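Secondary and tertiary structure notes
Chain by chain, the residues run as shown.
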Amino acid sequence: MHELTYGTTRLRGRLDHLIGRFVDRGLGSLDAKVLEVLRLGAYQALYMGGVPAFAAVSESVDLTRDVAGAKPTGLVNAVLRRVVEAGDGPEHFPDPERDPLGFLEHWGSHPRWLLERWLERWPFQEVRALVEFDNRRPPTYLVALDLPAGEVLERLSEAGVAATLVAEDPTCVRLSDEAHPRDALAAVPGSIIQDPAAGLVGRYADIAEGTDVADLCAAPGGKALALSGRAGRLVAADLSEARLRLVRENAERTGRSIHCVVGDALKPPVRAVDVVLLDVPCSGTGTLARHPDARWRLDPSAIERFAALQERLLEAAADRVVVGGVLVYSTCTLEPDENGDRIDRFLGTHANFQLEATGAVPDDTMDAAGRLSVTPQGSGHDGAFAARMRRLG
């Protein structure tokens, strides 16, 4: 069910293109529930090899009868049979050379406005690699907070959980597609599920031993847990009490000392500290493989709203950094408005802060200004951005 729902959501644009060719009055004429049944049936028939096409069609007809009555069952049966017969070959999509944007929109299953943004920054092949990454099932990674990866592999093997080392991150292992994260966490109690890109943020922050740290947008807590081993005292704050419970539960499970407090990062509930981590709410375009519904929920105005909120959050967080301390701003988006542009604007109005990279992460994960900048198409992992800034006065 997980594969069916997530896969159908990832490929919704492609499925709609394939289905729409056989609906005379267009997809807009269909009842929403009928359209969802068509998407589910087409995905099963075309992309889930273990489901015979005839079974996908038959089950879809039955489901239509349950959710929309008998009337549309004939349409569903006819459309799905034609979709299966036609297949999903390249001849059914815009030519990538003559219409690259149309190809990426329909075959690549991404909203047109977002693709237009990306094509302004990157060449076609790079954007194609990005949408291909977003349309695959993302791997699951395990990070042990106190154990070397080799010992983690041994414990996982003893528990019957298959995993492999991640060459570019000695603290991280990749679980097999068949492994369940719960089994892995049980085998290695002091561990968290975290993509290598998110792990790079903690390494890039490079906090000194024994410093006081405040994570102002902490939930679900992966970055706070990663920093807690070096921090003298770590306060994790979040506006959502429910989400903050995840931080507390993970801290208890891993044996880490984290002080949790419900609070709004626009009015930080902490005194000035040595290090402030501001992992801001963002459009999340670097994690669309893990959150496939986000691509369909976002619109251009969302990026503008996030950028405005991030500006206010930066202003509030800057006052909670002691002189000589460090402010780390991070996102999981690929959009310059929320990343480099946001930091440039902040530094342009705050002469008492300056970028300071310490060389704690590989050079190829940083941009020319010394900010962490990871893209899915370049790394094979989630997207991540971070800027480490020292307060001078």
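Everything quoted here is computed from the prediction, not taken from an experiment.

About the thresholds
- Residues numbered from 1 in each chain as written.
- Predicted model: local features only at pLDDT ≥ 70, side-chain atom pairs only at ≥ 80, totals over all residues.
- Heavy atoms only, no water.
- Pairing = 2+ DSSP bridges.
- Helix = DSSP H or I, 4+ residues; strand = E, 2+ residues; numbered from the N terminus.
- Axes fitted to C-alpha atoms, helices over the stretch in contact; angles between N-to-C directions.
- Parallel < 35°, antiparallel > 145°, perpendicular 65-115°, else oblique.
- Left-handed = near helix turned anticlockwise from the far one by under 90°.
- Contact = heavy atoms within 4.5 Å.
- Nonpolar A, V, L, I, M, F, W, Y, C, P; charged D, E, K, R; others polar.
- Expected span 1.5 Å × (residues − 1).
- Core = buried A, V, L, I, M, F, W, Y, C linked by side-chain atoms within 4.5 Å.
- Buried < 20%, exposed > 50% of the residue type's maximum accessible area, 1.4 Å probe, protein only.
- Salt bridge = Lys/Arg side-chain N within 4 Å of Asp/Glu carboxyl O.

A word on the sheet that holds strand 4 (residues 191–193)
Taking strand neighbours across the sheet as the criterion, the four strands line up as 2-3-1-4 in an open arrangement whose pairing is antiparallel. The open sheet has two edge strands with one neighbour each: strand 2 (163–165) and strand 4. This sheet shows a mean twist of 30° between the axes of neighbouring strands, independent of strand direction. Examined bridge by bridge, strand 2 and strand 3 (residues 172–175) share three bridges and lie antiparallel to one another. Looking at strand 3, one finds that Thr 164 is bridged to Arg 174.

Examining the packing of helix 3 (residues 32–47) against helix 4 (residues 53–68)
Look at helix 3 against helix 4: their axes get within 9 Å of each other, and the N-to-C directions meet at 165°. Viewed along their axes, helix 3 and helix 4 adopt a mutual orientation that is roughly antiparallel. As for the relative orientation of helix 3 and helix 4, their crossing is right-handed in sense. Here helix 3 contributes Lys 33, Val 34, Val 37, Leu 40, Gly 41, Gln 44 and Ala 45 to the contact with helix 4, which in turn contributes Ala 53, Ala 56, Ser 60, Leu 63, Thr 64, Val 67 and Ala 68. Residues that form the contact of helix 3 with helix 4 fall into these classes: nine nonpolar, four polar and one charged.

Structural notes on helix 15 (residues 300–318)
Compared with an ideal rise of 1.5 Å per residue, which puts 19 residues at 27 Å, helix 15 spans 28 Å between its outermost C-alpha atoms and is within 8% of the ideal. Those residues of helix 15 that are buried are in contact with helix 7 (112–121), strand 8 (273–279), strand 9 (321–331), helix 16 (340–349), strand 10 (353–355) and strand 12 (384–391).

Quick word on the nonpolar core
Soluble globular proteins tend to bury their nonpolar side chains together. Ranked by internal contacts, the top residues of the largest apolar core, which has 25 residues, are Ile 207, Val 213, Leu 227, Leu 234, Val 247 and Ile 258. Ignoring sequence-local partners within four residues, the contact set of Leu 234 consists of Val 213, Ala 224, Leu 227, Ser 228, Ile 258 and His 259. Counting 24 residues, the second-largest nonpolar core is a separate cluster that includes Val 270, Val 276, Phe 346 and Phe 353.

Comments concerning the pattern of salt bridges
Any two side chains of opposite charge can pair, on the condition that their charged atoms come close. Within this structure, the stated rule accounts for 22 salt bridges. Its salt-bridge partner being Arg 256, residue Asp 146 comes within 2.8 Å of it at the nearest N-O pair. Of this pair, Asp 146 sits in the loop between strand 1 (140–144) and helix 9 (149–158) while Arg 256 sits in the loop between helix 13 (241–254) and strand 7 (259–262), placing them 110 residues apart in sequence. Residue Arg 256 is classed as buried on the basis of its relative accessible area, which comes to 14%. Notably, a salt bridge pairs Arg 203 with Asp 169, separated by 3.9 Å at the nearest N-O pair. With a gap of 34 residues between them, Arg 203 in helix 11 (residues 196–205) and Asp 169 in the loop between strand 2 and strand 3 connect regions that are remote in the sequence. According to the relative accessible area criterion, Arg 203 is partly exposed, its value standing at 29%.

Some remarks on the packing of helix 1 (residues 2–10) against helix 3
Two numbers describe how helix 1 lies on helix 3: the axes approach to 10 Å, and their chain directions differ by 105°. Taken together, the axis directions place helix 1 and helix 3 in an arrangement best described as roughly perpendicular. Between helix 1 and helix 3, the contacting residues are Glu 3, Leu 4, Gly 7 and Thr 8 on the first element and Arg 39, Leu 40, Tyr 43 and Gln 44 on the second. Across the contact of helix 1 with helix 3, the residue classes tally to three nonpolar, three polar and two charged.

A word on the pairing of strand 8
Most of strand 8 is tucked away: six of the seven residues are buried. As paired elements, strand 5 (residues 212–215) and strand 8 share three bridges and run parallel to each other. Along strand 8, the bridge assignment pairs Ala 214 with Val 276. Note that strand 8 and strand 9 share six bridges and pair parallel. Bridge pairing in strand 9 links Val 275 to Val 326.

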